[in-house]
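Architecture and fold: a report
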Amino acid sequence: MTQLNNLKEILKKEFFVESEILEEKDRDKFGDEFSMKRDIKSHKCINYLLFRLDPNKTIPFPYFNNDIGLSKICDYLMFVQKNNTLYILLIELKLGSDSATKQLLSSEEFAKFIINSGKRVGFEFTEELHFRKVKISESALMRPKTAKDICKKDENDIIHYNHKSEFQIMEILFIE
C-alpha cells in the first residue's frame, strides 16, 4: 500500500479536493468577490492528494481560543509521493501581502500529527518526510523582479511562489 493510500484511509474523504486547480476566493470591503487560481502541473511520475480544511465551512481546531492564532491553517495540504519519499506541501494563497507564517507553521504541526497518528495505529510511512511551506501571493509587492524570484525561499524556509497562472509541483519539490 502506498503512503498516499494510507492517507486516504486515515483522513475523511470529504476533505480531499478532486481538482487540478488551487483557488482562493474572498470579498473586498465593498462585498465584491474576487479570486486567484493556479493550475496544478504534475508529471507522470508524481502522484498527489490535495487536502483542504475550508475555514469558512469547518472550524479546524475547535478546542483552541481563536483570539491567539492557534486555529490558523493554510489553504491546502498537498501530499506528494515520489518513489518512496513523501513530500508535504503546505500551501497558502494570499490575495494581499499579509504574512502566511502562522498558517504554514500550524499546518506543518497538523501534518505531523496526521502522520504520527497513522503510525501509532499501524500505518507505515517513510522516514523521508519533506515539508515545503509555500506562499502564493497576488500582491503587486510580491511580484518577482527576476526569473530567480519566481520560486524563492526566505529566511523562514517559506517558498514564495510567484508563477502567474500555474503551480508546478516539481519546481517546489527540488527547491533548496
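As the structure is a computational prediction, the values presented were derived from the model and not from experiment.

**Considerations on the packing of aromatic side chains**
Under the defined criterion, the tally for this structure stands at 4 aromatic pairs. On the basis of an interplanar angle of 75° and a centroid distance of 5.9 Å, the ring pair of Phe16 and Phe51 is categorised as edge-to-face. Linking Phe16 in the loop between α1 (3-10) and β1 (21-27) with Phe51 in strand β3 (residues 47-51), this pair joins segments that are 35 residues apart in sequence. Given the relative accessible area of 3%, Phe51 is considered buried. With a centroid separation of 6.2 Å and an interplanar angle of 35°, the aromatic rings of Phe51 and Phe110 are classed as tilted. Pair noted here: Phe51 is in strand β3 and Phe110 is in helix α2 (residues 101-120), with a separation of 59 residues, a long-range link. Of the two residues, Phe51 and Phe110, neither departs from the other in class, the shared state being buried. Here a set of aromatic residues connected by ring pairs shows up, and it is made of Phe15, Phe16, Phe51 and Phe110. When the ring centre of Tyr76 is taken as origin, the NZ or CZ atom of Arg52, which lies over that ring, is 4.7 Å away.

Calculation rules
- Residues numbered from 1 in each chain as written.
- Predicted model: local features only at pLDDT ≥ 70, side-chain atom pairs only at ≥ 80, totals over all residues.
- Heavy atoms only, no water.
- Phe/Tyr/Trp six-rings, centres within 6.5 Å; stacked < 30°, edge-to-face > 60°.
- Helix = DSSP H or I, 4+ residues; strand = E, 2+ residues; numbered from the N terminus.
- Buried < 20%, exposed > 50% of the residue type's maximum accessible area, 1.4 Å probe, protein only.
- Lys NZ or Arg CZ within 6 Å of the ring centre and 35° of its normal.

Everything listed here is a matter of geometry and, on its own, says nothing about what the molecule does.
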